[in-house]
Each structure stands twice: as C-alpha cells, then as structure tokens.
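This is what each chain is made of:
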Amino acid sequence: MNLLDDRLRWRPRRRDVGLHTVKVTMTDGQGGVNEVSFAIDVINAPYLEGDFSQDGRVDFIDFFMFADAFGTDDVLYDFDDSGRVDFSDFFVFADLFNS
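Read on for an overview of the structure.

About the cut-offs
- Residues numbered from 1 in each chain as written.
- Predicted model: local features only at pLDDT ≥ 70, side-chain atom pairs only at ≥ 80, totals over all residues.
- Heavy atoms only, no water.
- Axes fitted to C-alpha atoms, helices over the stretch in contact; angles between N-to-C directions.
- Helix = DSSP H or I, 4+ residues; strand = E, 2+ residues; numbered from the N terminus.
- Parallel < 35°, antiparallel > 145°, perpendicular 65-115°, else oblique.
- Contact = heavy atoms within 4.5 Å.
- Buried < 20%, exposed > 50% of the residue type's maximum accessible area, 1.4 Å probe, protein only.
- Polar contact = N/O pair within 3.5 Å; in protein donor to acceptor, adjacent residues only side chain to side chain.
- Phe/Tyr/Trp six-rings, centres within 6.5 Å; stacked < 30°, edge-to-face > 60°.
- Salt bridge = Lys/Arg side-chain N within 4 Å of Asp/Glu carboxyl O.
- Core = buried A, V, L, I, M, F, W, Y, C linked by side-chain atoms within 4.5 Å.

Comments concerning the packing of helix H1 (residues 60–69) against helix H2 (residues 87–96)
And step 1. Where H1 contacts H2, the axes come no closer than 12 Å and their chain directions differ by 175 degrees. In this view, H1 runs roughly antiparallel relative to H2, as classed from their interaxial angle. Between H1, through Asp 62, Phe 63 and Phe 66, and H2, the contact on the second element is made entirely by Asp 89, Phe 90 and Phe 93.

Here's what the structure looks like:
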C-alpha cells in the first residue's frame, strides 16, 4: 500500500485474497494521535497480473506502462514489494509477458 495524494492505493493480486486489517495512525506533530482501523476482504482478484491496461493480456502496452513506472515507488508495478520498481520487478514482468 502506498499513500499518495492523501489516498491509499492498493491493487489486490490473486495472492491477496482474504481478510486484511488496515490500521492508520495519524499524528499532528504536537502530541495528538488518532488511530483508525478497518478491514478489507478481498474475495476475488480477477485481474491478470502484469496486465496494467486491463485488456486481458500482458503485451507491449503493459510493457510501456511498466517502463514509465521503472525507478518509482508505484505499488502497482512493484511485484516483489520491495518499495521500488526495479530490475527484479522487470524479471517478474518478463515472465508474465505474452500471458
């Protein structure tokens, strides 16, 4: 998960099916703290991993989308959950290509 523009973004993968508890802790810098918890139940993750364009196949359109994200911390392209889109993610994507 990644906080970007005051939004939490997460695209569940097939391995993420199940119940997930999310806890968000907010601080105001002056000692004030607030915490919110909620659950997300992923019951189906139909999207094909690597198919960023969601057209049902992993092809050059997806490759160019991946290339644009290379070197960023975009969780949608970070296959190994390392916090960076890098060569290890590229090798995972290469295995998915043409699927």
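Focus on unusual backbone geometry
And step 1. Although it is not a glycine, Gln 54 sits at a positive phi angle of roughly 55 degrees.
And step 2. Turning to its location among the elements, Gln 54 is positioned in the loop between strand E4 (33–42) and H1.
And step 3. Phi at Asp 81 takes a positive value of approximately 55 degrees, unusual for a residue other than glycine.
And step 4. Position of Asp 81 relative to the elements: it lies in the loop between H1 and H2.

Some thoughts on the environment of Asp 80
And step 1. Relative to the elements of secondary structure, Asp 80 occurs in the loop between H1 and H2.
And step 2. Judged by relative accessible area, which is 35%, Asp 80 ranks as partly exposed.
And step 3. Along the primary structure Asp 80 and Val 92 are separated by twelve residues, whereas in three dimensions their C-alpha atoms are 8.3 Å apart.
And step 4. At 3.0 Å, the side chain of Asp 80 forms a polar contact with the side chain of Ser 82.

Here we look at the packing of aromatic side chains
And step 1. Counting across every chain of the model gives 16 aromatic pairs.
And step 2. A centroid spacing of 6.0 Å and a plane angle of 15 degrees characterise the contact between Phe 52 and Phe 93, whose relative ring orientation is stacked. You can see Phe 52 sitting in the loop between E4 and H1 and its partner Phe 93 sitting in helix H2, a full 41 residues away along the chain. You'll find Phe 52 and Phe 93 in the same group, each marked buried.
And step 3. Considering the side-chain rings of Phe 60 and Phe 64, the 6.4 Å spacing of their centres and the 35 degrees angle between planes classify their relative orientation as tilted. In this pair, Phe 60 and Phe 64 are both assigned in helix H1, four residues apart and thus about one turn of the helix distant.

Section: the pattern of salt bridges
And step 1. Tallied over the entire structure, the rule returns two salt bridges.
And step 2. Across the pair Arg 57 and Asp 55 runs a salt bridge whose closest N-O atoms are separated by 3.9 Å.
And step 3. Accessibility expressed as a relative area gives 46% for Arg 57, which makes it partly exposed.
And step 4. Residue classification places Asp 55 among the partly exposed positions, given a relative accessible area of 30%.
And step 5. For Asp 59, the salt bridge is made with Arg 57, and the minimal N-O distance between the two is 3.0 Å.

A closer look at the nonpolar core
And step 1. Phe 52, Val 58, Phe 66, Ala 69, Leu 76, Tyr 77, Phe 79, Val 85, Phe 93 and Leu 96 together form the largest nonpolar core, which totals ten residues.
And step 2. Setting aside residues no more than four positions away along its own chain, Leu 96 makes contact with Glu 49, Gly 50, Val 58 and Phe 79.

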